[in-house]
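Structural description and commentary
The residues making up each chain are set out below.
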Amino acid sequence: MPKEDPETTALKKELTDLISKVKADQEKLADAKLAEKCSDLGDVPKIRFVTKKTLKGHLNKVNSVHYSGDSRHCVTGSLDGKLIIWDTWSGNKVQIIPLRSAWVMSVAFAPSGNFVACGGMDNMCTVYDVNNRDATGAAKMVRELAGYEGFLSSCRFLDDTHILTGSGDMKICVWDLEAGKREMEFDAHAGDVVSISLSPDMKSYVTGSVDKTCKLWDVRDEKAKQTFFGHEADVNSVCYHNGGYAFATASEDKTARLFDIRSDQQLGHYTPPGASGFTSCALSLSGRYLMAGSDDNSVHSWDTLKVSHTGTLNGHENRVTSISVAPNGVAMASCSWDSSVRVWG
């Protein structure tokens, strides 16, 4: 590796010192710990999710799962080069969509249920119309959004005509799907953008990155409103709280965390019984439970307010890569490198 010049070294030290000062100033203003303030609350029950359906059909590692707005259907993407749309109530496949590239890393279901999107190592976001079929009978491809200089790590629909993407070139883009053009493109982080979560009102979103930070953005603004520090490794997943004023994170540093937007700092720090990193996270409808998919083949759960571990969901036989809670809160889907998808309820 090339030797760093003195100016770069000095700037890095200045940045580290500034981050430390911000953390110290935040700690001075934190008059109490979340667990202390909530100590007199009643304990929530141990998480009681059981596997309602095991969805089998993929032939390779499944990297991503996302629910539709109807809380019934979900889409999964696998290294077998397929997207599968599932009816999670019956356990049946609704559609199988063959992909041009097998290296899918992220999938998204439009809240309306009309479109699905995916992307990955092909440096492209591809959008399919679920309600229209091509000559082969598969969902019709309507857009290929190219021009990324890195892999596509995350995508989320704002509505049926706009999609938000994050990528390995450290950029965030907002696309007009009808025109097939970028409406916005900007550098968001100092490392790969790994995860995106939209607020309940769809007016803002949070991002997680390998630069160990999370950022809060307005959907139509290129300047971050807030930057959150605390993690010591890649932030693999972020999830907005349904109240709109907080978000959860899951990281390679073997912790999950809860950040409060109004106080601009971390509220909760959650660790598992073991020592495995986290790949994904989700919050229950009430926000009382925080779930995180792990390298140890399981999904861990905590009481967000009392900062206590409330159980482990076991069943997968390999790394859990992604979890998604149904919008109505009654079920959760998880996918894994064991090629299966599980629906918990």
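Residues numbered from 1 in each chain as written. Predicted model: local features only at pLDDT ≥ 70, side-chain atom pairs only at ≥ 80, totals over all residues. Heavy atoms only, no water.

The name given to the chain in an unreviewed UniProt entry is Guanine nucleotide-binding protein subunit beta-2, and the organism recorded there is Bombyx mori. For the chain, the Sequence similarities (unreviewed entry) comment in UniProt is given as "Belongs to the WD repeat G protein beta family." (UniProt positions renumbered as here; feature names shortened; annotations may be inferred.)

Further remarks concern the overall build of the chain. Each helix and strand in the chain was counted, giving two helices and 28 strands. Rg of the C-alpha trace for the chain: 20 Å, near the compact-globule value of 20 Å for 345 residues, within the 12% margin. Based on the C-alpha atoms only, the size of the chain along its principal axes is roughly 65 × 50 × 40 Å. Burial analysis of the chain (345 residues in total) assigns 53% to the buried set. (Helix = DSSP H or I, 4+ residues; strand = E, 2+ residues; numbered from the N terminus. Rg over C-alpha atoms; globule rule 2.2 N^0.38 Å. Buried < 20%, exposed > 50% of the residue type's maximum accessible area, 1.4 Å probe, protein only.)

Reading across from one edge, 10-11-12-13 is the order of the four strands in this open sheet, with antiparallel pairing throughout. Looking at strand neighbours, the two that pair on one side only are strand 10 (152-159) and strand 13 (181-187), the edges of this open sheet. Between one strand axis and the next, the sheet turns by 15° as a mean value, whatever way the strands run. As paired elements, strand 12 (residues 171-176) and strand 13 share six bridges and run antiparallel to each other. Directly across from K171, in strand 13, lies its bridge partner D187. (Pairing = 2+ DSSP bridges. Axes fitted to C-alpha atoms, helices over the stretch in contact; angles between N-to-C directions.)

Attention now moves to the UniProt feature "repeat: WD" (unreviewed entry) in the chain. According to UniProt, the "repeat: WD" (unreviewed entry) feature falls on residues 55-96, 145-185, 186-227, 228-269 and 313-345. Split by type, residues 145-185 is 0% helix and 63% strand. Its first and last C-alpha atoms lie 13 Å apart. Within residues 186-227, the helical portion is 0% and the strand portion 50%, while the C-alpha atoms at the span's ends are 16 Å from each other.

What follows covers a nonpolar patch on the surface. Together, W103, M105 and M121 make up a nonpolar patch on the protein surface, roughly 330 Å² of accessible area in all. Within the secondary structure, M105 is located in strand 6 (residues 104-109). By relative accessible area, which is 32% here, M105 ends up partly exposed. (Patch = residues over 30% accessible without salt bridge, like charges linked within 9 Å, V, L, I, M, F, W, Y side chains within 5 Å. Areas by Shrake-Rupley, 256 points an atom, 1.4 Å probe, with all protein chains shown as cover. Salt bridge = Lys/Arg side-chain N within 4 Å of Asp/Glu carboxyl O.)

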